[in-house]
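Descriptive structure summary
Listed here are the chains, written in short residue letters.
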Amino acid sequence: MLIPVSEEKNRYGLLALSCTVNGRRTEREIPSNRSLLEFIREDLGLKGTKEGCGEGECGACLVLVDGKAVNSCLMTASQLQGRKLVTIEGLKGRDGGLHPLQKTFMAEGAVQCGFCTPGLIIASEALLRRKPKATLEDIKLELTGNLCRCTGYEKILSAVEKARGKLHKCRK
Amino acid sequence: MPEIIVKPSSLKELWKTLPGLPADRKYLAGGTDLVTAANAGADNASCWLDIGGLPELGVMKETAGTLFIGSGVKLSAIQASSAVRKWCPVLYAALPHFASPSLRNMATLGGNAANGSPCADGVCALVAEDANVCLELKGKKRTLPLAELFLGPKRTALKKDELITGFTVSKRKRAGAYLKLGPRSYFGISKAAVALSAELSAGKIIKAVVALGSVAPVPLRAAKTSAWLAGKELSAQTARAAAGLVKKEVSPITDARSEAGYRREMCGVLLERALLSLPGAAK
């Protein structure tokens, strides 16, 4: 598959992007050099995914692509072709309400300014999908790419530990 | 970001596509270095070739004597491979210290090598594994010892459009260690890193390869220290002497991450610890 290169208008290659976003088949024509983060925030209007550092250091922009956590600031939207994207808006509990991680983050006071929270929840979700019985050490290692400058991490770790076990029960 | 991104679906299609593309083009592998550079305005290529869809680069395969790791295999997949665990002990030890879990879901060894940074963890580990790098340009293949790919900081022996297709490591039983000193235990760029592989027998080192990161213009294969270690007892005394030797082999600089003198000293400390961490080392 070659991305069709269009010389019209702006010399930008246009890409007919076809992917799944939070369970829905999505097709958009976008410039092939669009970053995944821009695509999510500007084209799809999903503002839950944040831009922190823009260089892969902070984890605020994490999303799931084919079930794996990735830094959307360092991906091009074209790399999403044919794949499944899940953003923080796509996480839900069994009853359609808040996801268990969202509930435990609230209950444990793991959120202060909230900017890092979507990324932390996505990273934790990726871990608990892969390893439902993750240990505290596993959780710490998984979150090494996520920075929080408010909470001091203890409450975050505690929130992930509390969600562990609840999580795989509610997944389809 | 470039003006266009083109994504060929096979190597054959890649070579066919090249002549029609702008001259200032670059390969996009995992993107963790290239997109960062573009976001910072440090990369101005007008065309990227996304090689993420090339099936030839995404494979790992074993033959009787070697393990081939495709240049496009994601680091997280390499980390999960039992063949890597068995035959690449240094790489296996290095991967948990390579960036973060999400970046390891994106980054590739091909990108790590092509970027040409002296601090590349994956590359230093593979140099200690005595890996070869497999290159291809318009169907023409060549193989180099990996250490010879690097000419200086961010400078490699890659010709224009030449592509790293993978790495081969010989399947020989050996022990390995990777010790990295950074600003924190995980997810940092190293001030100094030591990669060590060793074939051991009855408390003796049959063969050892020491490679170092962030302490020379290139990922350094410490040839003298490696040669000296062959035939030595695996002991505290050997480890201390090797530490003294390796400090003479590195040429660190002072930069934003650390100071030359400290880096040199730490190369000795890390190598001593790496040797003493090997199975059967007399503490």
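None of these values were measured; they are calculated from a predicted model. (Residues numbered from 1 in each chain as written. Chains lettered and ligands numbered in written order. Predicted model: local features only at pLDDT ≥ 70, side-chain atom pairs only at ≥ 80, totals over all residues.)

1. Things to note about the overall build of chain B
Along chain B, the regular secondary structure elements total 11 helices and 14 strands. Against the 2.2 N^0.38 benchmark of 19 Å for 283 residues, chain B shows a C-alpha radius of gyration of 19 Å, consistent with a compact globule. If one aligns the C-alpha atoms of chain B with their principal axes, the spans along those axes are about 60 × 45 × 30 Å. Counting only residues that meet the buried cut, chain B has 53% of its 283 residues in that class. When contacts within chain B are restricted to residue pairs at least 6 apart in sequence, long-range pairs at least 24 apart make up 63% of them. (Helix = DSSP H or I, 4+ residues; strand = E, 2+ residues; numbered from the N terminus. Rg over C-alpha atoms; globule rule 2.2 N^0.38 Å. Buried ≥ 20, exposed ≤ 12 C-beta atoms within 10 Å, placed from the backbone. Contact = placed C-beta atoms within 7 Å.)

2. What about the overall build of chain A?
Counting its secondary structure elements, chain A contains six helices and five strands. Across chain A, helices and strands are ordered from the amino to the carboxyl terminus as β-β-α-β-β-β-α-α-α-α-α. Within chain A, the fraction of its 172 residues that count as buried is 45%. For chain A, the share of sequence-separated contacts (at least 6 apart) that also reach a separation of at least 24 residues comes to 57%.

3. As for the domain arrangement of chain A
Accessible area lost upon the coming together of the parts serves often as the stated size of an interface. Residues and elements named next belong to chain A. For chain A, the assigned domains are domain 1 (14-90) and domain 2 (100-170). The partner domain 2 presents 12 residues to the 15 residues of domain 1 that form the contact. Elements that contribute at least two residues to the side of domain 1 that touches domain 2 include exactly strand S3 (62-65) and strand S4 (68-71). The element contributing the most residues to the side of domain 1 that touches domain 2 is S3, with three residues. Among the residues making up the side of domain 1 that touches domain 2, the classes are represented as eight nonpolar, five polar and two charged. (Domains from an automatic or database assignment. Nonpolar A, V, L, I, M, F, W, Y, C, P; charged D, E, K, R; others polar.)

4. Quick word on the sheet that holds strand S1 (residues 14-21) of chain A
All names here are of chain A. Pairing in this open sheet of five strands is mixed, and the strands run S2-S1-S5-S3-S4 from one edge to the other. Every other strand in the sheet has two partners, leaving strand S2 (24-31) and S4 as the edge strands with one partner each. Strand-to-strand twist of the sheet, defined as the mean angle between neighbouring strand axes without regard to direction, takes the value 40°. As paired elements, S3 and S4 share four bridges and run antiparallel to each other. Paired with Val65 across the bridge in S4 is Lys68. The strands that helix H3 (residues 117-130) touches are S3 and S4; relative to S3, the one it contacts most, it runs at about 35°. (Pairing = 2+ DSSP bridges. Axes fitted to C-alpha atoms, helices over the stretch in contact; angles between N-to-C directions.)

5. Looking at helix H11 (residues 260-276) of chain B
Residues and elements named next belong to chain B. Taking 1.5 Å per residue as the helical rise, H11 with its 17 residues ought to reach 24 Å, and the 25 Å between its terminal C-alpha atoms agrees with that figure. Among all positions of H11, only Arg263, Met266, Cys267, Gly268, Leu270, Leu271, Glu272, Ala274 and Leu275 are buried. If you follow the buried residues of H11, they end up packed against strand S11 (175-181), strand S12 (192-201), strand S13 (204-213) and helix H10 (236-249). (Expected span 1.5 Å × (residues − 1).)

6. Here's the deal with the pairing of strand S10 (residues 163-170) of chain B
Residues and elements named next belong to chain B. Extensive coverage of S10 is indicated by the burial of seven of its eight residues. Pairing of strand S5 (residues 66-70) with S10 involves five bridges; the strand directions are antiparallel. Residue Phe68 lies in a different strand from S10, and its bridge partner there is Thr168.

7. Re the domain arrangement of chain B
Residues and elements named next belong to chain B. When the domains of chain B are assigned, the result is domain 1 (4-52), domain 2 (55-170) and domain 3 (175-276). One C-alpha centre belongs to domain 1, the other to domain 2, and the line joining them spans 19 Å. The interface of domain 1 with domain 2 comprises 12 residues on the first partner and 17 residues on the second.

8. A look at unusual backbone geometry
Unlike most non-glycine residues, A:Asp66 shows phi in positive territory, near 50°. The topology assignment puts A:Asp66 in the loop between S3 and S4. Positive phi outside glycine occurs at B:Ser214, with the angle close to 70°. Along the chain, B:Ser214 falls in the loop between S13 and strand S14 (220-221). On the basis of neighbour count, B:Ser214 is assigned to the buried category, with 29 C-beta atoms found within 10 Å.

9. Regarding the sheet that holds strand S1 (residues 4-6) of chain B
All names here are of chain B. If you trace the three strands from one edge of the open sheet to the other, you get S1-S3-S2, paired in parallel fashion. Of all the strands in the sheet, the pair left with one neighbour each is S1 and strand S2 (25-28). With direction set aside, neighbouring strand axes in the sheet form an average angle of 30°.

10. A word on the interface of chain A and chain B
At the interface, 29 residues of chain A touch 26 residues of chain B. For the side of chain A that touches chain B, the secondary structure elements donating two or more residues are S4 and helix H4 (136-142) of chain A. The element best represented in the side of chain A that touches chain B is S4(A), accounting for four residues. Its residues placed into classes, the side of chain A that touches chain B shows 12 nonpolar, 13 polar and four charged.

11. Digging into the packing of helix H2 (residues 100-107) of chain A against H3(A)
Residue and element names in this part refer to chain A. Between H2 and H3, whose axes approach to 10 Å, the crossing angle comes to 125°. With respect to H3, the axis of H2 lies oblique. Crossing of H2 over H3 shows right-handed handedness. For the pair H2 and H3, contact is made by Leu101, Gln102 and Phe105 and by Thr117, Ile121, Ser124 and Glu125, respectively. (Parallel < 35°, antiparallel > 145°, perpendicular 65-115°, else oblique. Left-handed = near helix turned anticlockwise from the far one by under 90°.)

12. Describing the environment of B:Arg257
Residue and element names in this part refer to chain B. The topology assignment puts Arg257 in the loop between H10 and H11. Arg257 gets classed as partly exposed once you count the C-beta atoms within 10 Å, which come to 16. For the pair Arg257 and Pro183, spaced 74 residues apart in the sequence, the C-alpha separation amounts to 8.3 Å. Not counting residues within four places of it along the chain, the set of residues in contact with Arg257 comprises Ile189 and Lys191.

13. Things to note about the nonpolar core
The biggest cluster of nonpolar side chains holds 141 residues, and the ones touching the most others in it are B:Val90, B:Val194, B:Ala195, B:Leu196, B:Val210, B:Leu212 and B:Leu271. Per element, the largest residue contribution to this core is seven residues, and it comes from H3(A). Sequence-distant contacts of B:Leu196, that is, excluding residues within four places in its chain, are made with B:Val90, B:Ala128, B:Gly176, B:Ala177, B:Ala208, B:Val210, B:Leu271, B:Ala274 and B:Leu275. (Core = buried A, V, L, I, M, F, W, Y, C linked by C-beta atoms within 7 Å.)

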